[in-house]
Amino acid sequence: MRFARSAVGRSAIGVYLALAAQIATLTCLVVFEEARGKLLAQQVAMLGDNPDAPGAEAVVGAVTWFAVLILLVVSATIAAGCSYFAWLRQAGATPRMIAIAWFVPVLNLAAPALLLHALRQEAGLRESRRRTWLAMIAAWWACWLAMVFLILIRLPVTHSPQGRDLTGLGPSELAVAVIAALLCAATVREVTEARMSARPSGIAPRLKLLPALRSLPRHSYPARD
């Protein structure tokens, strides 16, 4: 019992560190974008696919730094996701429920927040704390969806980089990402402290997405002779 409680605490620390690394690398990328992004994008667009074009050597260093920053951001994001899923497992969620909540299309627009709420309720949620918790989890999930939306619409995937930034990420996207990370850490801390202080029921939390199933009539079967 004590080991399980300490395990969820260690997993929470891993989430905090991974989120800090993600924000730190993303900040470095945004600073690089603001300082060199537009100019470098224009230079790369003028060079085209010819590595021997005049001026190609002048941008090699900047392009290398940009590639390293992208790799660091992606690595930190993957680490944050893995640490968060590991924490969910330690907090009481089953692997099946984590997979359904986060990776089923359309359902994952709301199910991750519902799963987190189920974990918090399973640990015991006082009525006086309910409004604060619901506001926290709603703000976290709204910021998370806003961050994903901003990144998707700003990434220059189908547009020419000429006259644009390299990634399209700027201070506004960074601000939303920072708020989302802080709120995520706050919800993790809330659930972790509740799980460590509560007496576990031993029952895995469930997403009650179809409460109408409870009202279905039970079938009666004739007794056998």
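In this numbering scheme, every chain counts its residues from 1 along its sequence in written order. Reporting of local features is limited, given that this is a predicted model, to residues whose pLDDT is at least 70; pairs of side-chain atoms are given and counted only at 80 or more, and all residues count toward the totals for whole chains, interfaces and linings. Neither water nor hydrogens contribute to the side-chain values; these are computed over all heavy atoms in the structure.

**Regarding the overall build of the protein**
Here's step 1: Across its full length, the protein holds six helices and zero strands.
Here's step 2: When the helices and strands of the protein are read in sequence order from the N terminus, they spell out α-α-α-α-α-α.
Here's step 3: Burial classes follow relative accessibility: with a 1.4 Å probe on protein chains only, a residue under 20% of its type's maximum area counts as buried, one over 50% as exposed, and anything between as partly exposed. Across the 225 residues of the protein, 37% fall into the buried class.
Here's step 4: Note on definitions: a residue-residue contact is assigned when non-hydrogen atoms from the two residues lie within 4.5 Å. Sequence-distant contacts, at least 24 apart, represent 74% of the contacts inside the protein between residues at least 6 apart.
Here's step 5: All accessible areas in this document rest on Shrake-Rupley with a 1.4 Å probe, and a residue is counted as covered only by the protein chains that are shown. Accessible surface for the protein amounts to roughly 14000 Å². Of this, 65% is attributable to carbon and sulfur atoms. Put simply, DSSP H or I for four residues or longer makes a helix, DSSP E for two residues or longer makes a strand, and each gets a number counted from the N terminus.

**Some words on the pattern of salt bridges**
Here's step 1: Any carboxyl oxygen of Asp or Glu within 4 Å of a side-chain nitrogen of Lys or Arg constitutes a salt bridge here. Going through the model one piece at a time under the given rule, you end up with five salt bridges.
Here's step 2: Linking E122 and R195 is a salt bridge whose minimum nitrogen-to-oxygen distance equals 2.0 Å. Here E122, found in helix α4 (residues 111-122), pairs with R195, found in helix α6 (residues 171-197); they are 73 residues apart in sequence, far enough to count as distant.
Here's step 3: Classification of R195 by relative accessible area gives buried; the value is 15%.

**Comments concerning the UniProt feature "transmembrane region" (unreviewed entry) in the protein**
Here's step 1: UniProt positions are given in the numbering used here, feature names are shortened, and annotations may be inferred rather than shown by experiment. Within this structure's numbering, the places UniProt gives as "transmembrane region" (unreviewed entry) are residues 12-32, 63-87, 99-119, 131-154 and 174-192.
Here's step 2: Along residues 12-32 the backbone is 100% helical and 0% strand, and the end-to-end C-alpha distance reaches 31 Å.

**What about the confidence of the model for the protein?**
Here's step 1: Overall, the prediction assigns the protein a mean pLDDT of 80, with 72% of residues at 70 or greater.
Here's step 2: Counting contacts from residues 158-163, a segment whose pLDDT is below 50, to residues more than four positions away or on other chains yields five contacts.
Here's step 3: pLDDT measures how confident the predictor is about each residue, on a scale from 0 to 100. Of the regions scoring below 50 in pLDDT, residues 209-225 engages in three contacts with residues more than four places distant in sequence or in other chains.

**A few points about the environment of L19**
Here's step 1: Of note, L19 is situated in helix α1 (residues 2-47).
Here's step 2: Overall, the relative accessible area of 11% leaves L19 in the buried class.
Here's step 3: Taking the C-alpha atoms as reference points, L19 and A185, separated by 166 residues in sequence, lie 7.8 Å from one another.
Here's step 4: The contacts of L19, once residues within four sequence positions are left out, are A80, A181, C184 and A185.

**Considerations on the environment of T27**
Here's step 1: Here T27 shows up in helix α1.
Here's step 2: On a C-alpha basis, the gap between T27 and L69 in space is 9.9 Å, while along the polypeptide they are 42 residues apart.
Here's step 3: Whenever a nitrogen or oxygen atom comes within 3.5 Å of another N or O atom, the pair is scored as a polar contact, on the condition that within protein one atom can donate a hydrogen and the other can accept it, and that pairs from neighbouring residues in sequence are kept only if both atoms are in side chains. Separated by 2.7 Å, the side chain of T27 and the backbone oxygen of I23 make a polar contact.

**A short note on the side chain of Q22**
Here's step 1: Relative to the helices and strands, Q22 resides in helix α1.
Here's step 2: A relative accessible area of 16% places Q22 in the buried class.
Here's step 3: With residues near it in sequence (within four places) discarded, Q22 still touches A76, T77 and A80.

**Comments concerning helix α5 (residues 127-154)**
For an α-helix, the turn length of 3.6 residues means that residues three or four places apart are oriented alike.
Here's step 1: For α5, spanning 28 residues, the distance from its first C-alpha to its last is 41 Å, which sits close to the expected 40 Å at 1.5 Å a residue.
Here's step 2: Buried within α5 are the following residues: W133, M136, I137, W140, W141, C143 and M147. Expected helix span is given by 1.5 Å per residue-to-residue step, counting one fewer step than there are residues.

**What to know about the packing of aromatic side chains**
Here's step 1: Any Phe, Tyr or Trp ring, taking Trp's six-membered ring, that has another such ring centre within 6.5 Å forms a pair; planes under 30 degrees apart are called stacked, those over 60 apart edge-to-face, and the others tilted. Enumeration according to the criterion identifies 11 aromatic pairs in this entry.
Here's step 2: The interplanar angle of 65 degrees and the centroid separation of 6.5 Å between the aromatic rings of Y84 and F85 together place this pair among those described as edge-to-face.
Here's step 3: Since its relative accessible area comes to 24%, F85 is described here as partly exposed.
Here's step 4: With 5.6 Å between their ring centres and 40 degrees between their planes, Y84 and W87 make a pair best called tilted. Residue Y84 and its partner W87 are located together in helix α2 (residues 56-91), separated by three residues, close to a single helical turn.
Here's step 5: Judged by relative accessible area, which is 6%, Y84 ranks as buried.
Here's step 6: What makes W87 buried here is its relative accessible area of 0%.
Here's step 7: Members of the aromatic cluster, connected to one another through ring pairs, are Y84, F85, W87, W102, F103, W140, W141 and W144.

**Some points on the nonpolar core**
Here's step 1: In this text, buried Ala, Val, Leu, Ile, Met, Phe, Trp, Tyr and Cys residues form a nonpolar core when linked through side-chain atoms within 4.5 Å. Within the largest apolar cluster, 51 residues are counted, with the highest numbers of intra-cluster contacts made by Y84, W87, L88, L116 and W140.
Here's step 2: Every element with two or more residues in this core is listed here: α1, α2, α3 (95-103), α4, α5 and α6.
Here's step 3: It is α1 that provides the largest number of residues to this core, a total of 11 residues.
Here's step 4: For W140, the contacting residues outside a window of four places in its chain are Y84, A113, L116, A180, L183, C184 and T187.

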